[in-house]
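Architecture and fold: a report
So you can see what is in the structure, the chains are spelled out below.
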Amino acid sequence: MAGAIASRMSFSSLKRKQPKTFTVRIATMDAEMEFSCEVKWKGKDLFDLVCRTLGLRETWFFGLQYTIKDTVAWLKMDKKVKKQILDEKIYCPPEASVLLASYAVQAKYGDYDPNVHKRGFLAQEELLPKRVINLYQMTPEMWEERITAWYAEHRGRARDEAEMEYLKIAQDLEMYGVNYFAIRNKKGTELLLGVDALGLHIYDPDNRLTPKISFPWNEIRNISYSDKEFTIKPLDKKIDVFKFNSSKLRVNKLILQLCIGNHDLFMRRRKADSLEVQQMKAQAREEKARKQMERQRLAREKQMREEAERTRDELERRLMQLKEEATMANEALMRSEETADLLAEKAQITEEEAKLLAQKAAEAEQEMQRIKATAIRTEEEKRLMEQKVLEAEMLALKMAEESERRAKEADQLKQDLQEARESERRAKQKLLEITSKSSYTSMNSSTTALPTDLPSFNLISESLSFDFKDTDMKRLSMEIEKEKVEYMEKSKHLQEQLNELKTEIEALKLKERETALDILHNENASRGNSKHNTIKKLTLQSTKSRVAFFEEL
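Everything numeric here is computed off the predicted structure, so don't read it as measured data. (Residues numbered from 1 in each chain as written. Predicted model: local features only at pLDDT ≥ 70, side-chain atom pairs only at ≥ 80, totals over all residues. Heavy atoms only, no water.)

**Some details on the pairing of strand β9 (residues 220–226)**
For β9, the buried fraction is high: five of the seven residues fall into the buried class. Where β9 lies against strand β10 (residues 229–234), six bridges are found, and the strand directions are antiparallel. Bridged to isoleucine 223 within β10 is isoleucine 232. If you look at the hairpin formed by β9 and β10, you'll find two residues sitting between the two strands, and aspartate 227 has a positive phi there, around 60°. (Buried < 20%, exposed > 50% of the residue type's maximum accessible area, 1.4 Å probe, protein only. Helix = DSSP H or I, 4+ residues; strand = E, 2+ residues; numbered from the N terminus. Pairing = 2+ DSSP bridges.)

As structure tokens, this is what we get:
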């Protein structure tokens, strides 16, 4: 009997050790991965597994999208970064809002094309917080113009790259990733507790941008609560614990879960990945490299296509220019031929007139000789005859002068005719040269035809206490700070652009519409304070002095 019971227990244990599973395929921005899920799992279990695999820190800003019956839905849809910025749950300064909007447009529409993305194409898009729009005397067209100017600079970025750039900029916002809770210290002062990926921060209730004190995760050993009272134990056991009271009992579990989750993610970044995670990351890297090579290939093909199109357009323009020159040469040739014909006809007429005048001059000379030979019998006849002789001589002189003038004119016309024929010969020679060039251009145009193969581009815990292990947190903090410094070096150009836009639109600001957060942000900016260097300055003091400061607030 006992053996049978043992057998059944072993069999039941074996069954429990082998739960039913199924495969789920997850597509991220960089790769596709497969996960083996238990049948009893909920969506959150799968989401947590994906986050652990990808090494996500602020898991509450991500979600899983799924399709059911042709309907797209989200797990944790209300946690999307863009929605929180537009709903003003995360404060975003105006200039950064415009830059984020340009990346959102790049992610949605792809590369900017002035022939497609014409004025007004963003009219129906919700891209800026209402607070930003109301703060300036600017029309929707003016906002669109500034968004489009930056959108055009993102040419060549893929959708996933644009989304990643959006998140990189958003993570520098003061309220990004911070969950706020109303608390009181032991003196009863009302304060705000901020929990994020960097640690615990204490804020004044009227200033959610700049913390008064910060305690990084590498300085905290244990967090626990009893009723409404939370107890924080520093890593340095020589430092006394400090306590605070939450405003509502039901949020205590949420605060503890957020602390556990953020600390766990903070630690996980320095731990060695499991073999399964290493394999998945390697697969993701390979897929990302493959996609990058594919994008580069497409970019090269697109560039070749654009160059070929430019070459074709240039050849067509040159061909059209040569055709115009040929037409002009033909017209000049026809005018030259007409001029030559007219000159030839005029020269012939002039030559005939000269011959006729010469003949008349000869006849007049003969008449004069005949008159001289005639005997004049009377004095009156002699006088009349002399007068006629004089008139005949004058007429002969005029005819001789006219004949000479006509002869010169005939010579000049012959010279003009010769020049016209020489001009006609040069026009024919130029037309022949243009014709030969056109043939050569047409042949080149046909040999540089576009390649036909180019694509057309038209943590949840039920416990009330959690202990953090004393591990090498300092090194991790230094690594994260190093990454931050490198990122800031790369963003110098970005800061210059933001400052340029801020200066440009400052004259259009309506000062009376500034909110308290606008004023606080401007004060921080004027002092050169940012989210990360503020926290860094706060943590320069010893943990003991910061605990004392908190209790005296």
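**With respect to helix α12 (residues 492–506)**
Its 15 residues place the ends of α12 21 Å apart at the C-alpha level, agreeing with the 21 Å of an ideal helix rising 1.5 Å per residue. Those residues of α12 that fall on the buried side of the exposure criterion are Leu494, Gln497, Leu498, Leu501 and Ile505. Along the axis of α12, the buried positions cluster into a sector of 100°, meaning they face one direction only. Set apart from the buried face of α12 by more than 90 degrees, the exposed residues are His493, Glu496, Glu500 and Thr503. (Expected span 1.5 Å × (residues − 1). Arc of directions from axis to C-beta.)

**Considerations on the nonpolar core**
Formed by 44 residues in total, the largest nonpolar core has its most connected members in Ile85, Trp143 and Ile147. Mapped by element, the contributors of at least two residues to this core are α3 (81–86), α4 (94–109), α5 (130–135), α6 (140–153), α7 (159–170) and α12. A total of nine residues in this core trace back to one element, the largest contributor, which is α4. The contact partners of isoleucine 85, leaving out residues within four places of it in the chain, are Ile90, Cys92, Leu100, Pro129, Tyr166, Ala170 and Leu173. The next biggest cluster of nonpolar side chains, apart from the first, holds 28 residues, and it includes Val195, Ile202, Ile255 and Val547. (Core = buried A, V, L, I, M, F, W, Y, C linked by side-chain atoms within 4.5 Å. Contact = heavy atoms within 4.5 Å.)

**Focus: the side chain of serine 214**
Tracing the chain through its elements places serine 214 in strand β8 (residues 213–216). A distance of 2.8 Å separates polar atoms of two side chains, one belonging to serine 214 and the other to histidine 201. Excluding residues that lie within four positions of it along the chain, serine 214 makes contacts with Leu200, His201, Ile535, Leu538, Thr539 and Arg546. (Polar contact = N/O pair within 3.5 Å; in protein donor to acceptor, adjacent residues only side chain to side chain.)

**Some thoughts on the packing of aromatic side chains**
Taken as a whole and judged by the stated rule, the model has nine aromatic pairs. Between tyrosine 225 and phenylalanine 230, the aromatic rings sit 5.2 Å apart at their centres with planes inclined by 35°, giving tilted as the arrangement. Phenylalanine 230 carries the same exposure label as tyrosine 225, and that label is buried. A network of ring pairs unites the aromatic residues Tyr109, Tyr112, Phe121 and Tyr151 as a single cluster. (Phe/Tyr/Trp six-rings, centres within 6.5 Å; stacked < 30°, edge-to-face > 60°.)

**Points about the environment of lysine 346**
Among the secondary structure elements, lysine 346 is positioned in helix α9 (residues 275–373). Judged by relative accessible area, which is 46%, lysine 346 ranks as partly exposed. In this structure lysine 346 touches Glu409 and Leu413, once residues within four positions along its chain are discounted.

**Let's talk about the confidence of the model for the protein chain**
Residues at a pLDDT of 70 or more form 80% of the protein chain, whose mean pLDDT is 78. Mean pLDDT across the elements of the protein chain bottoms out in helix α1 (residues 2–17) (42) and peaks in strand β7 (residues 199–203) (93). The model gives residues 1–16 a pLDDT under 50, and that stretch makes zero contacts with residues more than four places away or in other chains. Here residues 69–73 is modelled with pLDDT under 50, and outside its nearest four sequence neighbours on either side it reaches seven contacts, counting other chains as well. (pLDDT = per-residue confidence, 0-100.)

**Remarks on the pattern of salt bridges**
In total, this model carries 26 salt bridges according to the counting rule given. Among the salt bridges present, the one from glutamate 34 reaches arginine 25, with a minimum N-O distance of 2.6 Å. Judged by its relative accessible area of 43%, glutamate 34 falls in the partly exposed class. Judged by its relative accessible area of 51%, arginine 25 falls in the exposed class. For the salt bridge of glutamate 306 with arginine 155, the shortest nitrogen-to-oxygen distance reads 3.4 Å. One end of the pair, glutamate 306, is in helix α9; the other, arginine 155, is in the loop between α6 and α7, with 151 residues separating them in the sequence. You can call glutamate 306 partly exposed: its relative accessible area is 27%. Residue arginine 155 is classed as partly exposed on the basis of its relative accessible area of 45%. The network of salt bridges with shared partners includes Glu506, Lys509, Lys511 and Glu514. (Salt bridge = Lys/Arg side-chain N within 4 Å of Asp/Glu carboxyl O.)

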